[in-house]
Structure formats: C-alpha cells, structure tokens
Amino acid sequence: MRLTRQIGEALADGLSGKGVQVAARRLARLLDAEGVALADCDRLLAVAGSIDSEAAQGLLVETLDLLSPVTAPPLRAAPLVVSGDLAGCLLVSGDVGDAELAEAAHLVATALDHADLDRSRERIAAADLRTLRAQISPHFMHNALAAISAHTRTDPERARELLTDFSDYLRYSFANTGDYATVADELQAVQTYLELQRARFDDRLDITVRIAPEVLPVPIPFLVVQPIVENAVRHGFESRPGIGHIAVRGFSEGALCVIEVEDDGAGMEPDDAKAILTGSREGAGRIGLANVDRRLRAVYGPEYGLWLDTAPGAGTKATVRIPRYARGVHP
C-alpha cells in the first residue's frame, strides 16, 4: 500500500515529470521485477534495473499498435490508457505474471489520470482568477477615487492615507505572487477595501472583524474573501439609508477554517442565492460569487466551497469552509 501511494506521488506531474524515474524504481520493487521501463507513445522515459533498451523500444511500438499486452521474453509490455486515450506503455522484465502486469498498468494509468485531473483543476482555477481580476469593480474604483478627491481639500491628511490604501489594494489585487495567499493577507486587503468604502459613505459603514489567531496563516486561494465583502457592501448597504453593518469572522472548526461575511442588508430569496452560486442567473450583479465558489471546489473538492444563508429583509451571511491543511496548497 505504501509503495502504491509513493508511485502515485512520483507520477503527480505525469510521465514527463521529474518523478518518472522514481516511479519506475518503485514499480520494480512492487513487482519484484528484474527491470521496469516507462514510456510515452514515442520513447522510453525512465528505466530501472535490467532492460534491453533496443528490444524495449521495438516492443513499445508493437504494444501501441496492438493496444494490448505483448510478450517477447524476457520482456512484457502493457499499454497505458488514461481517460480513453493512449498515454504510453509499461514494460517489465523478469518473472511477472499477466495479472500482476495488468494491475501495475492500471495503477500507473490511474495515477496519470489523477495527475491530469489535478492539472486541469489548476488551469481552471488560474483562468477563473484572471476572470475575477478583470471583474474588479470599475464602479468601486470610480467611487474610491471620488471619495479621495472629496477629502483633498477638507482633510488632505486623510486623502493621502486613502490614496495609499487605494494603491495597496490595487497592488494586492493584481499581484503576480501565485495562486494562494494566507488568510491574514486576504483580510489585510479586505480591511483596506473597507476603509476606502467607509470614507466613501462618510463613516456610515460599521465594520467588525474578528479572526482567531490560528487561522491567520492558513493558505487560501487568492482573492476569495474580497469579492464576498464587495458584494456585501454593494448589495447589502449601498442602496439603503442609515448605518450598515458588516461583520467578517474567521475561526477554526476542527480541521476546517471557516470565514463568514455577514451584512444586515436587504437579503434575497434563497432560490436567487442558489442561482447566483451556480451561475445560472443572468445579470445577477453579484460580482464573482460563482467564480469564488467554483475555484474553492476546484482546489479542495466538491464538499467545500461558498454557502449563502439569506432571506428577504434578513441580510446575507456568506460562509467559506476549507481545510486548514490541504496537499499542494501553500502561499
């Protein structure tokens, strides 16, 4: 079982990855074979133990042509089929039976399938992040600059502070530092954003931020919290008179990190919230929420993501639940 897991880990970057030689060695140990080779559809990529490379190359071509296991003592080969596509070939030498060869080929193909899925998730997450950056609200930018301009004559010192906040906000939002940040980084950007909004609304925005220390270093996909907070401001407060309240909370639930953003605004019908998260409601005006939910599920799996708890006149609470520790997720 341990060797099986290690083979999967070695093939995390596919047959062209740096772990393919390690995978070949571990397969040789698993099969107790004299030698093992892994190949793509053109050539041998890794050889461990005793393998006649020239004979293996000829057997590779024959195996890929027949799309079935081929024996040419002392070599045996089986094709690697990943999601219906031919990906390469597994070759072994020594006393390895039909069932063992088939099981090993299935193990490698499954590992390659998982690697392809992980890379697809990463590409989707990266594309969604680019989309989200493109959606950073021109409406907010215009209003932030207007608020700064309004303070230029009446309170120049605060205008300078707000301009610095605005610069910091843009620098973080468009930073090219990877796909993940820490909860602390995300919340720092959120607080900067909220300070700009507070200035815009003449301090009619009441903000509460309470974060448990243990979740501050937790890695989280970049630009997850800010779009949720922006929606809370725009749809929970922007169109209503009087003071608006927004609470941002972060805490742990066992192995989970939970982040809540709650407003006391107008709320909405639960069916509308569901449609927004699935992206099926056109013109919903909720910036990036479906994008955020999709990115979370792509990174952590379908059991995680974004939830909206709301009702007309009852405000909205958005909740993110993610693992505090996840393989491959680090800032």
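Above: the structure in question.
Please read these numbers as outputs of a predicted model, since none were measured by experiment.

**Q** I'd like to hear about empty space enclosed by the protein, residue by residue, with values.
**A** Taken as a whole and judged by the stated rule, the model has 2 cavities of 30 Å³ or more. Space inside the largest cavity adds up to approximately 90 Å³. Taken together, 10 residues make up the lining of the largest cavity; nearest its centre are Ile228, Asn231, Ala232, Thr316 and Ala318. Secondary-structure elements contributing two or more residues to the lining of the largest cavity are helix 8 (225-236), strand 10 (256-263) and strand 12 (316-323). In terms of residues, the lining of the largest cavity owes the most to one element, helix 8, which gives 3 residues. Taken together, the residues of the lining of the largest cavity sort by class into 6 nonpolar, 2 polar and 2 charged.

**Q** Go over the sheet that holds strand 2 (residues 44-49), please, and point to the residues and values.
**A** Strand order across the open sheet formed by 5 strands is 2-1-5-4-3, with antiparallel pairing between neighbours. Edge strands, defined here as strands with exactly one partner in the open sheet, are strand 2 and strand 3 (70-72). The sheet shows a mean angle of 20° between the axes of neighbouring strands, taken without regard to direction. Pairing between strand 1 (residues 35-39) and strand 5 (residues 85-93): 5 bridges, direction antiparallel.

**Q** So what's going on with the pattern of salt bridges? Residues and values would help.
**A** If you walk through the whole model with that rule in mind, you get 8 salt bridges. Two residues, Arg249 and Glu260, come together in a salt bridge whose shortest N-O distance is 3.0 Å. In this pair, Arg249 sits in strand 9 (residues 244-253) while Glu260 sits in strand 10, placing the two residues 11 residues apart along the sequence. Given the relative accessible area of 24%, Arg249 is considered partly exposed. Owing to a relative accessible area of 10%, Glu260 belongs among the buried residues under this scheme. Between Glu260 and Lys317 there is a salt bridge, with its nearest N and O atoms 3.9 Å apart. In this pair, Glu260 sits in strand 10 while Lys317 sits in strand 12, placing the two residues 57 residues apart along the sequence. Judged by its relative accessible area of 24%, Lys317 is partly exposed. Overlapping salt bridges bring together Arg249, Glu260, Glu262 and Lys317 as one network.

Calculation criteria
Residues numbered from 1 in each chain as written. Predicted model: local features only at pLDDT ≥ 70, side-chain atom pairs only at ≥ 80, totals over all residues. Heavy atoms only, no water. 1 Å grid on protein atoms, 1.4 Å probe; cavity = no way out; pocket = protein on both sides within 12 Å on 5 of 7 lines; lining within 4 Å. Points joined across faces, edges and corners; volume = space filled by probe spheres on them. Helix = DSSP H or I, 4+ residues; strand = E, 2+ residues; numbered from the N terminus. Nonpolar A, V, L, I, M, F, W, Y, C, P; charged D, E, K, R; others polar. Pairing = 2+ DSSP bridges. Axes fitted to C-alpha atoms, helices over the stretch in contact; angles between N-to-C directions. Salt bridge = Lys/Arg side-chain N within 4 Å of Asp/Glu carboxyl O. Buried < 20%, exposed > 50% of the residue type's maximum accessible area, 1.4 Å probe, protein only.

The quantities given are spatial measurements derived from coordinates; they are silent on function.
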